[in-house]
Amino acid sequence: MTAAPAGPAESEPLTAAEADVLFRPLAHDDTLVVAVSGGPDSIALLALLADWTGRGRPRLLVVTIDHGLRPEAAQEAMMVGELCAKLGVEHRTRRWQGPKPQAGVQEKARAARYALLAEEARVPGATTIVTAHTADDQAETLLMRMAAGSGLAGLAGMAPRSAVNGAVLARPLLGIAKSRLIATCEARGLAFIRDPSNDDPRFARIRWRALLPALAHEGLTAQRLGQLAHRLARADESLDRLAAHALASVPAGDENGRRWFDFARLCGEPEEIVIRSLGLALAAAQDGEAQAGVPPRLARLEDCAKALIAAARAGRALQRTLGGFRLSLAGDGVLTLMREGERRRGVHPATV
Ligand SMILES: Nc1ncnc2c1ncn2[C@@H]1O[C@H](COP(=O)(O)OP(=O)(O)OP(=O)(O)O)[C@@H](O)[C@H]1O
């Protein structure tokens, strides 16, 4: 057996052939909204996309968001505009106008950024936003989520394609090392901005970034973490389908606007499927409400599901609250979901 061929050296620029493979899924759009901050990743993305679109299809609309948090940001947006003019592509700067509270300003800026980008993607023919997230970003995301106690869905990391504010968000460079994008800029003589917040150890992401070389030295490279994310994404999707199927297979109904299903029957499934099915049932009940509910944190969902499983197996009744709902398990194993605070009219007799 021959060894797998080594990937391109981490310091080699991306080739046109590689870019062609990465960008092929974007070929069907009329217009791509390309998010370019002016950092090395998004400048490389812009240059590669401009080469790839060659004679003008898909059309590129480059958007830079000025969050109004650093005085240099306006100048940086202009620099991106100048490069776009040279490359012959359209550029717009959008400014975040909202209030900028000290606490959680990064999260608010991020939400505002995606809202503005999605607005630009709402023009006819443009539904896809393209960002320059790299394999390094994915590795940092995974490590941060591990530390935060995320479950499988979180550890699946960022998806190459997802939804954001009604638009599609594509991340074609998610498998590419940041060092290769820097090399791409250098090989083309393209200047890029170094955002000082990228060196600020007050941000957790920056502290994790500093650990990456030591982890790679022990074999936990960004590539390995990316591979793990990919495998977990596959497992997560499969488990979700199995859970939906299991939930659809047990007796269930709607009475007086309350949902019920045979939870005891569901308990024949592996614990992970029962936990997910409960989450799906709750999400469905929340969807049916005028006010969309907030999904419970995974740890709370797990606790609740485990308590209900133990009670159902023992034939005991049990009441819990979760995600704004009261969950009433009857002695016969039927679980009823009702909005918290709702009066108990017509509930399954054994739960009253
Ligand atoms: N000010 C900006 N203007 C336009 N695009 C941006 C801006 N900031 C970030 N982006 C886009 O988002 C990508 C990821 O940037 P960065 O890693 O800084 O964001 P993040 O907040 O960590 O990511 P995410 O928003 O997905 O959590 C960039 O490569 C670029 O495509």
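Where an unreviewed UniProt entry is consulted, the chain appears under the name tRNA(Ile)-lysidine synthase, with the organism given as Bosea lupini. Under the UniProt heading Catalytic activity (unreviewed entry), the note attached to the chain is "cytidine(34) in tRNA(Ile2) + L-lysine + ATP = lysidine(34) in tRNA(Ile2) + AMP + diphosphate + H(+)". Comment text from UniProt for the chain, heading Sequence similarities (unreviewed entry), reads "Belongs to the tRNA(Ile)-lysidine synthase family."

### A look at the packing of aromatic side chains
Per the counting criterion, the structure on display carries two aromatic pairs. Its guanidinium or amino end placed over the ring of Trp96, Lys100 lies 5.1 Å from that ring's centre, counting from NZ or CZ.

### Quick word on the pairing of strand β5 (residues 161-164)
Bridge analysis of β5 against strand β6 (residues 167-170) gives four bridges, and the strand direction is antiparallel. In the strand pairing of β6, Val164 is matched with Ala167. Linking β5 back to β6 in an antiparallel pair, the connection comprises two residues, with Asn165 at a positive phi of about 45 degrees.

### Notes on the domain arrangement of the chain
On domain assignment, one finds that the chain holds domain 1 (16-232) and domain 2 (250-339). The straight-line distance from the C-alpha centre of domain 1 to that of domain 2 is 39 Å.

### Side note on the pattern of salt bridges
This model, assessed by the stated rule, comprises 22 salt bridges. Here Glu18 makes a salt bridge to Arg180, at a shortest N to O gap of 2.9 Å. Linking Glu18 in helix α1 (residues 16-23) with Arg180 in helix α7 (residues 178-187), this pair joins segments that are 162 residues apart in sequence. Relative accessible area serves as the criterion here: at 5%, Arg180 is assigned to the buried category.

### Thoughts on the site of the ligand
Around the ligand sit 15 residues, and of these Ala35, Ile65, Arg110, Arg113 and His133 come closest. In the model, an oxygen atom of the ligand is placed 2.6 Å from a nitrogen or oxygen of the Arg110 side chain. Taking His133, its side chain carries an N or O atom lying 2.7 Å from an oxygen atom of the ligand. Its free accessible area being 610 Å², the ligand has 81% of it covered by the protein chains. Mapped by element, the contributors of at least two residues to the shell around the ligand are β2 (59-66) and α4 (105-120). Among the residues making up the shell around the ligand, the classes are represented as six nonpolar, six polar and three charged.

### Details of the side chain of Gln138
By the element assignment, Gln138 lies in helix α5 (residues 135-147). Sequence-distant contacts of Gln138, that is, excluding residues within four places in its chain, are made with Ala156, Gly157, Met158, Leu174, Gly226 and Ala229.

### Considering the environment of Ala139
Secondary-structure assignment places Ala139 in helix α5. Note: C-alpha distance between Ala139 and Arg94 (45 residues apart in sequence) is 29 Å. Look past the residues within four positions of Ala139 in its chain and what remains in contact with it is Leu212, Ala222 and Leu225.

### Thoughts on unusual backbone geometry
Even without glycine at this site, Asn165 takes up a positive phi of about 45 degrees. Counting through the fold element by element, Asn165 comes out in the loop between β5 and β6.

### Some words on the confidence of the model for the chain
For the chain, the average pLDDT comes to 91, and 93% of its residues sit at 70 or higher. Looking at the elements of the chain, mean pLDDT is at its lowest for strand β7 (residues 252-255), recorded as 91, and at its highest for helix α2 (residues 40-53), recorded as 98. Below pLDDT 50 for its whole length, residues 1-6 participates in zero contacts with residues either more than four positions away or in separate chains.

### Quick look at the nonpolar core
Generally speaking, soluble globular proteins have nonpolar side chains that are buried together. Counting 30 residues, the largest nonpolar core has Phe23, Val34, Leu45, Leu49, Val62 and Leu173 as the members making the most contacts within it. It is α2 that provides the largest number of residues to this core, a total of eight residues. In this view, Val62 contacts Val34, Val36, Leu46, Val80, Cys84, Val89, Glu90, His91 and Arg92; residues no more than four positions away in its chain are not counted. Counting residues in hydrophobic clusters, the runner-up holds 29 residues, among them Val250, Ile275, Ala285 and Ala312.

Rules and cut-offs
Residues numbered from 1 in each chain as written. Predicted model: local features only at pLDDT ≥ 70, side-chain atom pairs only at ≥ 80, totals over all residues. Heavy atoms only, no water. UniProt positions renumbered as here; feature names shortened; annotations may be inferred. Phe/Tyr/Trp six-rings, centres within 6.5 Å; stacked < 30°, edge-to-face > 60°. Lys NZ or Arg CZ within 6 Å of the ring centre and 35° of its normal. Pairing = 2+ DSSP bridges. Helix = DSSP H or I, 4+ residues; strand = E, 2+ residues; numbered from the N terminus. Domains from an automatic or database assignment. Salt bridge = Lys/Arg side-chain N within 4 Å of Asp/Glu carboxyl O. Buried < 20%, exposed > 50% of the residue type's maximum accessible area, 1.4 Å probe, protein only. Near = heavy atom within 4 Å. Polar contact = N/O pair within 3.5 Å; in protein donor to acceptor, adjacent residues only side chain to side chain. Areas by Shrake-Rupley, 256 points an atom, 1.4 Å probe, with all protein chains shown as cover. Nonpolar A, V, L, I, M, F, W, Y, C, P; charged D, E, K, R; others polar. Contact = heavy atoms within 4.5 Å. pLDDT = per-residue confidence, 0-100. Core = buried A, V, L, I, M, F, W, Y, C linked by side-chain atoms within 4.5 Å.

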